[in-house]
Amino acid sequence: MDSDIVMVDDNGKRLDGRKADELRPMKIEAGVLPNADGSAYLEIGKNKVLAAVYGPRECHPRHLQNPAKAIVQCKYNMQSYSVGDRKRPGPDRRSQEISKITAEALEAVIQVELFPRASIDVYIEILQANAGTRCAGLTAASVAVADAGIPMRDMVPSVAVGKANGHLLLDLNKEEDNYGEADLPLAIIPKTNEVVLLQMDGHLTREEFDTAMKMGVTACHEIYEMQKDALRRRYSVAADEEQEVEE
Amino acid sequence: MSKSVVSEIRRNHINELLRKGSRMDERAPLDLREISVETGVIDTAEGSARVHYGQTEVIAGLKMAIGTPFPDTPNKGVLTTSMELIPMAHPDFESGPPGMDAIELARVVDRGIRESGMVDVESLCITPGEAVWMCFIDIYAINYDGNLFDAAALAVVAALKNAMVPASNYDKGEDFPLPVTCVPITMTAAKIENTLIVDPTFDEEMVCSARLTVTTDGNGDIRAMQKGKSGAFTVEEISDIVDLAREKGEEIRKIIG
């Protein structure tokens, strides 16, 4: 590791000019794919992510059907050109793990008991990656599920807190991630502050962990506002169009 | 693929409209949908483009790396094309390794690029027999409403035209634009009853008996063709489609400049 790199300068600014607890610029757009029942496009920093939801629909393969509730299936996929060296298409162990924890986090808020035997299929495609794609994917997927009109208790905003050169930093970008000493992706249910996704690797002291969690939860509430705003924009446009038709 | 079925009522509607010279989206039989091309949409790719044909959307990205040439072409760069029909794009698409449809699509697009000599592969040679540039072209269907052949081919052409070879990443001097020599354009026509249409939508693809994809270059010469589905064309129909492909090719070439 090259410890000469200064992650935070004397003015408290990071390599890209952000403060330690500042998110990268973020943009969410709901309802971008005509075929999907719900969809969202999200950019955070240099990440570009598409999420689509199909369902509730018939569950395939059938042996996965649950007579008591719908199952949530997720496919997280990094497109070949989304990273520095071309990624071979198709699932690898990392993307399978991310798919699993993303589905679990979404299932925590979707009212799956309303759709026995059905499947809710969530697809996350990473078009361009720059650290933090699993969180960006889940944030976008939540908006897509809401856009699909599937009953849910709340959305799940997600963000990662990292540690680089001894500093706790919110929402690491690729450059910072290369020098990362710890990574703590999390997602919450904003209404209750319950945590529905949590991973961690690296090295954090007890105190650092508490601070990192606080930073993450605060940022999730910020992201939550942007998720709601995306839905509002989508449906106010839809409502306007409807009015025009009536007139 | 193709779990979908088109209802009898929709099939009849498409047929009846066409007999009157019209289509479900109010196009004339030989009209294209609105086409949009955006390039440079993926910063991590050496070249990229997003293309819409109506509601059909695809993204193509080029990644490059240095590798060893094939023994029979020691002084030529390597081109490979693959197509992913991801389940995001349509309810009929399933995840998994590329199926027959995806393979056919990738190969037809590849043929148009390769046979037209669009990419000057000889200038992608670094050391003959040892090191050449490898071009990995990946196409993802994002939303499928018919005619992936033309959308994918156009996305690839636009991505290649705007690509930079990442030489500086490999200590091979400065980055330089990917050398391209021409702009091949692909057009697909389909036959419904006895009418020819171009740029079929999903429903029209389901109803048509045959389709023909033709790639032409800037001189109006034919560089690649592919006939699909179980129906048949007359020789006159094929000749008409080739003329159409040349005509539409000129139209589309103007869009990407």
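Computed from a predicted structure; not experimentally measured.

Participant: Would you mind going over the packing of helix α2 (residues 133–147) of chain A against helix α4 (residues 206–246) of chain A with me for this structure?
Facilitator: Two measures define how a pair of helices packs: the angle their axes make with one another and the distance between the axes. All names here are of chain A. Running from amino to carboxyl end, α2 crosses α4 at an angle of 35°, the nearest separation of the two axes being 10 Å. Pair α2 / α4 crosses with right-handed handedness. Facing α2, whose interface residues are T139, S142, V143, A146 and D147, α4 presents I223, Q227, L231, R234 and Y235. Taken together, the residues of the contact of α2 with α4 sort by class into 5 nonpolar, 3 polar and 2 charged.

Participant: How do you make sense of the environment of A:V145 when you look at a structure like this?
Facilitator: All names here are of chain A. Relative to the helices and strands, V145 resides in helix α2. The buried category is assigned to V145, whose relative accessible area is 0%. Spatially, the C-alpha atom of V145 lies 23 Å from that of T218, the residues being 73 residues apart in sequence. Leaving out residues up to four positions away in the same chain, V145 has contacts with V53, L106, I110, V122, I150 and M152.

Participant: I'm lost on the interface of chain B and chain A in this one. Help?
Facilitator: When the parts of a complex come together, some accessible area is lost, and that lost area is often taken as the interface size. Contacts between the two partners involve 28 residues from chain B and, on the opposite side, 27 residues from chain A. By the criterion of area lost to chain A, the three top residues of chain B are B:K63, B:M88 and B:Y140, representing 29% of everything that side buries. The residue A:R86 makes a salt bridge to B:D138 at a minimum N-O spacing of 2.6 Å. The interface formed by chain B and chain A contains 15 residue pairs in polar contact (both at pLDDT 80 or more). Broken down by secondary-structure element, the contributors of at least two residues to the side of chain B that touches chain A are β3 (56–67), β4 (78–84) and β6 (131–143) of chain B. Residues belonging to the side of chain B that touches chain A are distributed by class as follows: 15 nonpolar, 7 polar and 6 charged.

Participant: Would you take a moment to explain α2(A) for this structure?
Facilitator: For the α-helix, the turn length of 3.6 residues means that residues three or four positions removed from each other point alike. The first and last C-alpha atoms of α2(A) sit 21 Å apart over 15 residues, in line with the 21 Å expected at 1.5 Å per residue. One or two positions beyond α2(A), positive phi appears at A:G149, with a value near 75°.

Participant: It is not clear to me how empty space enclosed by the protein should be interpreted in this structure. Could you clarify?
Facilitator: Where empty space is left becomes clear once a probe the size of a water molecule has been rolled over the atoms. Residues and elements named next belong to chain B. Taken as a whole and assessed by the stated rule, the structure comprises 1 cavity of 30 Å³ or more. If you go around the largest cavity, the residues you meet are V109, G112, I113, A153, V157, P184, T186 and T215. The set of elements that each furnish at least two residues to the lining of the largest cavity consists of α2 (100–115) and α3 (148–161). Residue contributions to the lining of the largest cavity peak at 3 residues, all from α2.

Participant: Honestly, the layout of surface pockets in this entry has me stumped. Any pointers?
Facilitator: Taken as a whole, the largest pocket encloses approximately 700 Å³ of empty space. Every residue lining the largest pocket is counted, 32 residues in all, and those nearest its centre are B:P87, B:E94, B:S95, B:G96 and B:P97. When residues of the lining of the largest pocket are traced back to their parent elements, those giving at least two are β4 (71–78), α1 (93–107) and β5 (118–128) of chain A together with β4 and α2 of chain B. If one sorts the elements of the lining of the largest pocket by residue count, β4(A) sits on top with 4 residues. Computed from the structure, the second largest pocket encloses a volume of approximately 550 Å³. If you trace the second largest pocket, you find 31 residues lining it, with A:A129, A:N130, A:A131, A:G132 and A:K174 closest to the centre. Mapped by element, the contributors of at least two residues to the lining of the second largest pocket are α2, β6 (158–164), α3 (174–177) and β8 (180–189) of chain A. Top contributing element to the lining of the second largest pocket by residue count: α2(A), with 5 residues.

About the criteria used
- Residues numbered from 1 in each chain as written.
- Chains lettered and ligands numbered in written order.
- Predicted model: local features only at pLDDT ≥ 70, side-chain atom pairs only at ≥ 80, totals over all residues.
- Heavy atoms only, no water.
- Axes fitted to C-alpha atoms, helices over the stretch in contact; angles between N-to-C directions.
- Helix = DSSP H or I, 4+ residues; strand = E, 2+ residues; numbered from the N terminus.
- Left-handed = near helix turned anticlockwise from the far one by under 90°.
- Contact = heavy atoms within 4.5 Å.
- Nonpolar A, V, L, I, M, F, W, Y, C, P; charged D, E, K, R; others polar.
- Buried < 20%, exposed > 50% of the residue type's maximum accessible area, 1.4 Å probe, protein only.
- Buried area = accessible area lost by both parts, 1.4 Å probe.
- Salt bridge = Lys/Arg side-chain N within 4 Å of Asp/Glu carboxyl O.
- Polar contact = N/O pair within 3.5 Å; in protein donor to acceptor, adjacent residues only side chain to side chain.
- Expected span 1.5 Å × (residues − 1).
- 1 Å grid on protein atoms, 1.4 Å probe; cavity = no way out; pocket = protein on both sides within 12 Å on 5 of 7 lines; lining within 4 Å.
- Points joined across faces, edges and corners; volume = space filled by probe spheres on them.

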